[in-house]
Amino acid sequence: MAFYYNNKSLGFILLTGLLIYNCKNEEKAPESATKKVIEYEMYQPSEMANFMNAMYAYNEQLKTKIVAGETPSAMPLDLLKLHSAEMTSGKSRTENWQSFVNVFIESQNTIIDTLSNLELKERFNASINNCLGCHKTECTGPIPKIKKLLIQ
Ligand code: HEC
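Predicted model only: the values in this text are computed from it and were never measured.

**Considering empty space enclosed by the protein**
Here the idea is plain: a probe the size of a water molecule rolls over the atoms and shows the empty space left.
At step 1: This model, assessed by the stated rule, comprises one cavity of 30 Å³ or more.
At step 2: Taken together, 31 residues make up the lining of the largest cavity; nearest its centre are M48, M52, H135, C139 and P142.
At step 3: If one sorts the elements of the lining of the largest cavity by residue count, helix α4 (residues 47–67) sits on top with seven residues.
At step 4: Looking at the lining of the largest cavity residue by residue, the classes come out as 20 nonpolar, eight polar and three charged.
At step 5: A domain split of the lining of the largest cavity shows at least three residues from each of domain 1 (3–42) and domain 2 (47–147).

Encoded structure:
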């Protein structure tokens with residue numbers, strides 16, 4: 001991938017996307033573009049990282065719908081993948097992970113439960129708070145981004 005060495009601006013654009021999502025990076029401007037571009041070349045998102053990004057996109061859509069007064073009823077993701085997806089090497093299903101994963105899955109399912117008596121916004125925010133609960137110890141980089149999903 002020597003290509004990225006020769007095309008700094010493309011590398012930088014790709015990198016900006018990476019900074020938003022990658023566990024290791026808080027949303028800070030890179031101090032040294034060259035150093036970070038090299039990091040990008042080594043970054044291979046895991047199956048779990050890809051799934052997390054899909055969950056992020058799905059919940060962003062949910063938020064838009066809920067704010068617009070619509071009632072979401074479809075869950076296109078197989079949340080049981082959380083139990084099987086391969087994680088980035090060095091990461092594992094810790095005690096904190098175990099304590100949040102099932103609560104989280106349940107809370108995501110309450111959002112599309114059209115028979116629930118609880119306010120939709122409350123159900124959605126409760127679920128996002130479960131994302132945050134797990135992230136507090138598992139992967140802190142995306143926390144500011146996940147917080148933006150909360151409906152005020
Ligand atoms: C049970 C714990 C847990 C829950 C719940 C959880 N996450 Fe994660 N998340 C993780 C872990 C661990 C990683 C790192 C995965 C890896 O690198 O393999 C991660 C990674 C991410 C990433 C970074 C992906 C990347 O490209 O590196 C984003 C974004 C993310 N999660 C968003 C969310 C959102 C949004 C939710 C809720 C809808 C959520 N997460 C729920 C544990 C969790």
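Text resumes after the structure shown.
**Examining the coordination of the iron atom of the ligand**
Six octahedral donors around a metal ideally make angles of 90 or 180 degrees; four tetrahedral donors ideally make 109.5 degrees.
At step 1: Surrounding the iron atom of the ligand are the protein donor atoms M52 (SD) and H135 (NE2), which sit 2.0 to 2.3 Å from the metal.
At step 2: One can describe the site at the iron atom of the ligand as octahedral: its six donor atoms subtend angles covering 88 to 178° at the metal. Placement of M52 in helix α4 and of H135 in helix α7 (residues 120–138) is noted, with a sequence separation of 83 residues between them.
At step 3: Its relative accessible area of 24% is what places M52 among the partly exposed residues.
At step 4: Given a relative accessible area of 11%, H135 falls into the buried group.

**Describing the nonpolar core**
Generally speaking, soluble globular proteins have nonpolar side chains that are buried together.
At step 1: M55, L79, L82, W97, F104, F124 and I128 are the most contacted members of the largest nonpolar core, which totals 30 residues.
At step 2: Of all the secondary-structure elements, those providing two or more residues to this core are α4, α6 (95–111), α7 and α8 (143–147).
At step 3: Not counting residues up to four positions away in its chain, the partners in contact with W97 are M48, M52, L82, M87, C134 and E138.

**Digging into the environment of P142**
At step 1: When you line up the elements, P142 lands in the loop between α7 and α8.
At step 2: Between the alpha carbons of P142 and N22 there is a distance of 6.7 Å; along the sequence they are 120 residues apart.

**Observations concerning the packing of α4 against α7**
At step 1: The interhelical angle for the contact between α4 and α7, taken along N-to-C directions, is 155°, at an axis separation of 11 Å. When the axes of α4 and α7 are compared, the pair comes out roughly antiparallel. Two packed elements cross with a definite hand, and for α4 against α7 that hand is left-handed. Residues M52, N59, L62, K63 and I66 of α4 lie in contact with α7, whose contacting residues are L120, K121, F124, I128 and H135.

**Notes on the environment of F100**
At step 1: Residue position: F100 is located in helix α6.
At step 2: Those residues in contact with F100, other than ones at most four positions away along the chain, are N130, G133 and C134.

**Examining the site of the ligand**
At step 1: Around the ligand, the surrounding shell holds 27 residues, and the nearest of these are M52, T88, C131, C134 and H135.
At step 2: One of the side-chain nitrogen or oxygen atoms of T88 is found 2.5 Å away from an oxygen atom of the ligand.
At step 3: Within the side chain of H135, one N or O atom sits 2.8 Å away from a nitrogen atom of the ligand.
At step 4: Residue assignment for the shell around the ligand shows that the elements contributing at least two residues are α4, α6 and α7.
At step 5: Of the residues forming the shell around the ligand, the biggest block, seven residues, is contributed by α4.
At step 6: Here the shell around the ligand is built from residues that sort into 18 nonpolar, seven polar and two charged.
At step 7: Per-domain counts for the shell around the ligand show at least three residues from each of domain 1 (3–42) and domain 2 (47–147).

Calculation criteria
- Residues numbered from 1 in each chain as written.
- Predicted model: local features only at pLDDT ≥ 70, side-chain atom pairs only at ≥ 80, totals over all residues.
- Heavy atoms only, no water.
- 1 Å grid on protein atoms, 1.4 Å probe; cavity = no way out; pocket = protein on both sides within 12 Å on 5 of 7 lines; lining within 4 Å.
- Points joined across faces, edges and corners; volume = space filled by probe spheres on them.
- Helix = DSSP H or I, 4+ residues; strand = E, 2+ residues; numbered from the N terminus.
- Nonpolar A, V, L, I, M, F, W, Y, C, P; charged D, E, K, R; others polar.
- Domains from an automatic or database assignment.
- Donors = N, O, S within 2.8 Å, 3.2 Å for Na, K, Ca; no water.
- Tetrahedral: all angles 85-135°; square planar, octahedral: opposite > 155°, others 65-115°.
- Buried < 20%, exposed > 50% of the residue type's maximum accessible area, 1.4 Å probe, protein only.
- Core = buried A, V, L, I, M, F, W, Y, C linked by side-chain atoms within 4.5 Å.
- Contact = heavy atoms within 4.5 Å.
- Axes fitted to C-alpha atoms, helices over the stretch in contact; angles between N-to-C directions.
- Parallel < 35°, antiparallel > 145°, perpendicular 65-115°, else oblique.
- Left-handed = near helix turned anticlockwise from the far one by under 90°.
- Near = heavy atom within 4 Å.
- Polar contact = N/O pair within 3.5 Å; in protein donor to acceptor, adjacent residues only side chain to side chain.

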